[in-house]
Amino acid sequence: IGSHSYHSLYHLLGKETFTSAMNFYMDTWKMKHPTLFDFFNSIENSTGKDLEWFWKAWYFDWGYMDLGIQSFENNTLTIENLGGRPISMKITYTFEDDSQLSEQLNPIVWKEGKTYSKEVNYGKPIKKILLGLMESSDAKAGNNV
């Protein structure tokens, strides 16, 4: 859980905020014996963000890393978080002319639920959509195309 949750937290907060929050945590707790809750509180205090939804999904719920494409209809892509972990993802679109476009989505899309929908309209027909995780492998990759 540790390194994967750190990667997700990094993508959630962004490089500058993540680095600042980690420095705050390390400065506050060096030479002491922090608990996991001290880590959570330090990150939240330094960023001013309520991350309870993130901590709960990573450290207190059963889950794993698995995303899947639920549907692509009428230019709306719906992705399901089957494993429940708030993770970042990469979506690669391959168009009929074989050109490609990739985008990365922030773990914040999982704050409100286990499905995420987005309008996809790039002005040319899409031949293939590939969903991937940023720093790890997907539990069931068969539903990522």
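Residues numbered from 1 in each chain as written. Predicted model: local features only at pLDDT ≥ 70, side-chain atom pairs only at ≥ 80, totals over all residues. Heavy atoms only, no water.

Caption draft 1: Representation of the packing of helix H2 (residues 15-29) against helix H3 (residues 36-47). The interhelical angle for the contact between H2 and H3, taken along N-to-C directions, is 125 degrees, at an axis separation of 9 Å. Classed by the angle they form, the pair H2 and H3 counts as oblique. In this structure, the crossing between H2 and H3 has a hand that is right-handed. Residues Thr17, Ala21, Met22, Phe24, Tyr25 and Trp29 of H2 form the contact with H3, whose participating residues are Asp38, Phe39, Ser42, Ile43, Ser46 and Thr47. Looking at the contact of H2 with H3, its residues break down into 7 nonpolar, 4 polar and 1 charged. (Axes fitted to C-alpha atoms, helices over the stretch in contact; angles between N-to-C directions. Helix = DSSP H or I, 4+ residues; strand = E, 2+ residues; numbered from the N terminus. Parallel < 35°, antiparallel > 145°, perpendicular 65-115°, else oblique. Left-handed = near helix turned anticlockwise from the far one by under 90°. Contact = heavy atoms within 4.5 Å. Nonpolar A, V, L, I, M, F, W, Y, C, P; charged D, E, K, R; others polar.)

Caption draft 2: Spatial organisation of unusual backbone geometry. Of note in this structure, Asn74 is not a glycine but carries a positive phi near 50 degrees. By the secondary structure assignment, Asn74 is in the loop between strand S1 (67-73) and strand S2 (76-81). Overall, Asn74 belongs to the exposed group, its relative accessible area being 75%. With a phi angle near 65 degrees, Asn75 is a residue other than glycine that sits in the positive phi range. (Buried < 20%, exposed > 50% of the residue type's maximum accessible area, 1.4 Å probe, protein only.)

Caption draft 3: Molecular detail of the pattern of salt bridges. Scanning the entire structure with this criterion turns up 4 salt bridges. A salt bridge links Asp61 to Lys56; its shortest N-O distance comes to 2.9 Å. Judged by relative accessible area, which is 42%, Lys56 ranks as partly exposed. Between Asp97 and Lys124 there is a salt bridge; the shortest N-O distance is 3.4 Å. Here Asp97, found in the loop between strand S3 (89-95) and strand S4 (100-105), pairs with Lys124, found in the loop between strand S5 (115-119) and strand S6 (126-133); they are 27 residues apart in sequence, far enough to count as distant. We classify Lys124 as partly exposed; its relative accessible area is 36%. (Salt bridge = Lys/Arg side-chain N within 4 Å of Asp/Glu carboxyl O.)

Caption draft 4: Geometry of the sheet that holds S3. Taken in spatial order, the 3 strands of this open sheet run S4-S3-S6, and their pairing is antiparallel. Whereas interior strands pair on both sides, the edge strands pair on one side only; in this sheet they are S4 and S6. Strand-to-strand twist in this sheet, taken as the mean axis angle between neighbours without regard to direction, amounts to 15 degrees. Two elements, S3 and S4, share 6 bridges in a ladder whose sense is antiparallel. From the neighbouring strand, Tyr93 faces S4, where its bridge partner is Leu101. (Pairing = 2+ DSSP bridges.)

Caption draft 5: Structural view of H3. With 12 residues, H3 should cover 16 Å at 1.5 Å per step; its first-to-last C-alpha distance of 17 Å lies within 8% of that length. Just downstream of H3 lies Gly48, where phi reads positive at about 75 degrees. (Expected span 1.5 Å × (residues − 1).)

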